[in-house]
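Observations on the three-dimensional arrangement
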Amino acid sequence: MNINGCQHQCIEHIKQLQGYYVLFFSDDMQGLNQDAYMSLLPKFTKNSIDTIKQTLKEIGFEGKKNQIRTLGSKITGCEDLRVICVGLGNTDALDAMTAKSCGLSLGKHISKHDETCITIAWPKAWLTPQDNHPVHPLLVGIEAGCYRFDRYKTKSKPKSKTTFYHVVPLPYQQHFSFLLNLLLGQNLAKDLMNEPANILTPKAFTERILELDKFGVKVTLLDCHQLEKENMHALLSVGKASIHKPYLAIMEWSPSNASTSQQPLAFVGKGICFDTGGINLKPSGFIEDMHHDMGGSAAVVGAMLTIAKSHLPKKVVGVVALAENSIAGNATRPSDIISSRSGKSIYIGNTDAEGRLILADAIDYTIDRFKPESIIDLATLTGACVIALGSVYAGLFSNNDILAKSLIKSGTRVDELLWRLPLHKAYDQMIDSPVADVSNIGNKKREAGAITAAQFLQRFVKNNTPWAHLDIAGTAFGTSDPVHGKHCSGFGVAILADIIKQACNH
């Protein structure tokens, strides 16, 4: 699976590696991981560390956050020791945002100087099982700084991938490997989201998903004929105007040590590979980004890669509905009434409210076929959620307090923040239709747009299945994210993988 980004290896001891060693410093010039190096590599001694600090002082490095300095032959008496020094600032106030920002500065520095071999010896104090250590946000920031999506630039100089060697004591390697697998899953999600829609059609997306088979994930695809047999007319109605026909892709992770009676956790992702808005056409300034409108499905695929690579002992099912919302003579129209797999009829109040239609069929199918213990859907669903929460928090809706609290806790742990928004029967009334069972959009005043979208989805959740909906429209695109910048963020991968990891620990 060709994934943009760096290569990472988790090792226990430093061997004779060529390249640069990363030293972290606080703003009082304490070397935060110097002891890790000194215990593993003869060239790192108290004298060499003192020499490094003195050299840094002479060139004005003070350990302030985002300060980066590279030392090579400048280290008198240690000319063969090349180090990249990173300032983290006041480590008493080192939160995830600051750590991610410092990691970003390091990643950009490495990428700019085309370094191909980087070693980081991580201090044990950062590896103990606590939620507030900076390792994960530092890794995310480093990877974001190195990440490029330039495969279609013909004049760019080919760049060798940077290899990071992470020195981690044996007792912590399993968890650290999970963090590295998170990076893989997030990069896969970013790659998928950044692909242009003429390349990543629904069919091409399924071909990328089929590559998960090599990691032990069983993949099943439903094409138009099979979707018709499943009565998935909501999904078919969205995709019928495109020459690229819709699919449903089902990914099953069933570890060998899982009991046959174990119910899976299920993830469902919205995969609109391009969204014109349909007959309710999107305006310029918005439509150009609509090849990103499959961010929910990208997160599900990335999470399945992380879970499989980490061999997590929990059954998981990922289902993604893939379609293009296009315009043609046979396109679904405003005021049409369509059917759904559940049997509910849907009034089309707006053809740009299409994501909830494909999710409705996918949710109904997943609950019927897999009878999951809980189901979580992710979607770049509403502009209303972007207006409410920006790119900092994703919106969370749920019919189950325990599931909602678990997701919020996982989000905090992996720095993918969730804010719970309400579900209420008063909002439910806003999507009642006089001519069908439900309308796909609320009243024309556009009130509570994110909430009414969630209320719509809730109508297709049955059998009292614990369910949560994550509206990631603001967090996944990354356009105003200071870390990911113009690139998409891969938001959702870490939450989904962590919720599975936590379920395995209980």
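Before going into details, it helps to say that this report is about the structure given with it. (Residues numbered from 1 in each chain as written. Predicted model: local features only at pLDDT ≥ 70, side-chain atom pairs only at ≥ 80, totals over all residues. Heavy atoms only, no water.)

Brief notes about the overall build of the protein
Within the protein one finds 16 helices and 17 strands. The globule rule puts the C-alpha radius of gyration for 506 residues at 23 Å, and the 24 Å found for the protein is close to it. Dimensions along the principal axes, computed over C-alpha positions, put the protein at roughly 85 × 50 × 40 Å. Out of the 506 residues in the protein, the part that is buried amounts to 58%. Look at the contacts in the protein between residues 6 or more apart in sequence, and 78% of them connect residues 24 or more apart. With an accessible surface of roughly 21100 Å², the protein has 50% of that area assigned to carbon and sulfur atoms. (Helix = DSSP H or I, 4+ residues; strand = E, 2+ residues; numbered from the N terminus. Rg over C-alpha atoms; globule rule 2.2 N^0.38 Å. Buried < 20%, exposed > 50% of the residue type's maximum accessible area, 1.4 Å probe, protein only. Contact = heavy atoms within 4.5 Å. Areas by Shrake-Rupley, 256 points an atom, 1.4 Å probe, with all protein chains shown as cover.)

Quick word on the pairing of strand β13 (residues 374-379)
Burial analysis of β13 places six of its six residues in the buried class, the great majority of the element. Neither face of β13 is open: one carries Ser374, Ile376 and Leu378, the other Ile375, Asp377 and Ala379, and all of them are buried. As paired elements, strand β9 (residues 265-275) and β13 share five bridges and run parallel to each other. Bridge assignment links alanine 266 to a residue of β13, and that residue is isoleucine 375. Summarising the sheet, β13 and strand β17 (residues 467-471) pair through five bridges and their orientation is parallel. Looking at the pairing, leucine 378 lines up with leucine 470 of β17. (Pairing = 2+ DSSP bridges.)

Re helix α12 (residues 401-413)
Counted at 1.5 Å a residue, the expected span for α12 with its 13 residues is 18 Å, and the 18 Å between its end C-alpha atoms agrees. Two or three places before isoleucine 402, at the start of α12, stands the capping residue asparagine 400, its side-chain oxygen 3.1 Å from that residue's backbone nitrogen. Phi for aspartate 415, located one or two positions after α12, is positive at around 60 degrees. (Expected span 1.5 Å × (residues − 1). Polar contact = N/O pair within 3.5 Å; in protein donor to acceptor, adjacent residues only side chain to side chain.)

Brief notes about unusual backbone geometry
Despite not being glycine, histidine 311 shows a phi value in the positive range, around 55 degrees. By secondary structure assignment, the location of histidine 311 is in the loop between α9 (295-309) and β10 (316-325). One non-glycine residue, asparagine 463, lies in the positive phi region at around 60 degrees. Residue classification places asparagine 463 among the exposed residues on the basis of a relative accessible area of 58%.

Focus on the sheet that holds strand β11 (residues 337-339)
If you trace the three strands from one edge of the open sheet to the other, you get β11-β12-β16, paired in mixed fashion. Strands at the two margins of the open sheet, each flanked by one partner only, are β11 and β16 (438-439). Bridge count for β11 against strand β12 (residues 345-347) is three bridges, and the pairing is antiparallel. When the sheet's bridge partners are listed, isoleucine 338 is paired in β12 with isoleucine 346.

Quick word on the sheet that holds β13
The mixed open sheet is built from eight strands, whose spatial order is β7-β8-β10-β9-β13-β17-β14-β15. Looking at the sheet topology across the chains shown, the edges are occupied by β7 (218-222) and β15 (418-420). Taking each pair of neighbouring strands and ignoring which way they run, the sheet shows an average axis angle of 20 degrees. Sheet contacts for α9: β8 (247-253), β9, β10 and β13; angle to β9, the most-contacted strand, approximately 135 degrees. (Axes fitted to C-alpha atoms, helices over the stretch in contact; angles between N-to-C directions.)

Section: the packing of α9 against helix α16 (residues 493-504)
A packed helix pair is summarised by two numbers, namely the angle formed by the two axes and the spacing between the axes. Axis separation between α9 and α16 bottoms out at 8 Å; the angle between their running directions is 40 degrees. Regarding the angle of α9 to α16, the classification is oblique. For the pair α9 and α16, the crossing hand works out as right-handed. Contacts from Ala299, Val300, Gly302, Ala303, Thr306 and Ile307 in α9 reach Val493, Leu496, Ala497 and Ile500 in α16. (Parallel < 35°, antiparallel > 145°, perpendicular 65-115°, else oblique. Left-handed = near helix turned anticlockwise from the far one by under 90°.)

Here's the deal with the packing of helix α3 (residues 96-112) against helix α4 (residues 135-146)
For the pair α3 and α4, the least separation of the axes is 6 Å and the interaxial angle reads 35 degrees. Taken as a pair, α3 and α4 cross one another with a handedness that is right-handed. Here α3 contributes Ala96, Ala99, Lys100, Cys102, Gly103, Leu104, Leu106, Gly107, Lys108, Ile110 and Ser111 to the contact with α4, which in turn contributes Pro137, Leu138, Val140, Gly141, Ile142, Ala144, Gly145 and Cys146. Of the residues that constitute the contact of α3 with α4, the class distribution is twelve nonpolar, five polar and two charged. (Nonpolar A, V, L, I, M, F, W, Y, C, P; charged D, E, K, R; others polar.)

Let's talk about the pairing of β8
Where burial is concerned, most of β8 is hidden: seven out of the seven residues are buried. Going residue by residue along β8, you find Tyr247, Ala249, Met251 and Trp253 tucked away on one face and Leu248, Ile250 and Glu252 tucked away on the opposite face as well. For β7 and β8, the ladder comprises five bridges, and the chain directions are antiparallel. Directly across from valine 219, in β8, lies its bridge partner methionine 251. Across seven bridges, the pairing between β8 and β10 is antiparallel. Each bridged residue has a counterpart across the sheet, and for isoleucine 250 the counterpart in β10 is valine 319.

Things to note about the pattern of salt bridges
Taken as a whole and assessed by the stated rule, the structure comprises 23 salt bridges. A salt bridge links aspartate 428 to arginine 459; the shortest N-O distance between them is 3.2 Å. Of this pair, aspartate 428 sits in helix α13 (residues 425-428) while arginine 459 sits in the loop between α14 (449-458) and β17, and the two are 31 residues apart along the sequence. Salt bridges sharing partners connect three or more residues here, namely Glu230, Arg341, Asp364, Asp368 and Lys462. (Salt bridge = Lys/Arg side-chain N within 4 Å of Asp/Glu carboxyl O.)

A few points about the packing of aromatic side chains
This model, assessed by the stated rule, comprises eleven aromatic pairs. Ring plane angle 20 degrees and centroid distance 4.6 Å describe the contact between tyrosine 37 and phenylalanine 44, whose orientation is recorded as stacked. An identical accessibility class is assigned to tyrosine 37 and phenylalanine 44; each is buried. Positioned above the aromatic ring of phenylalanine 460 is the side chain of lysine 344, whose terminal nitrogen or guanidinium carbon lies 5.6 Å from the ring centre. Geometry around phenylalanine 178 places lysine 501 over its ring, the cationic atom sitting 5.2 Å from the centre. (Phe/Tyr/Trp six-rings, centres within 6.5 Å; stacked < 30°, edge-to-face > 60°. Lys NZ or Arg CZ within 6 Å of the ring centre and 35° of its normal.)

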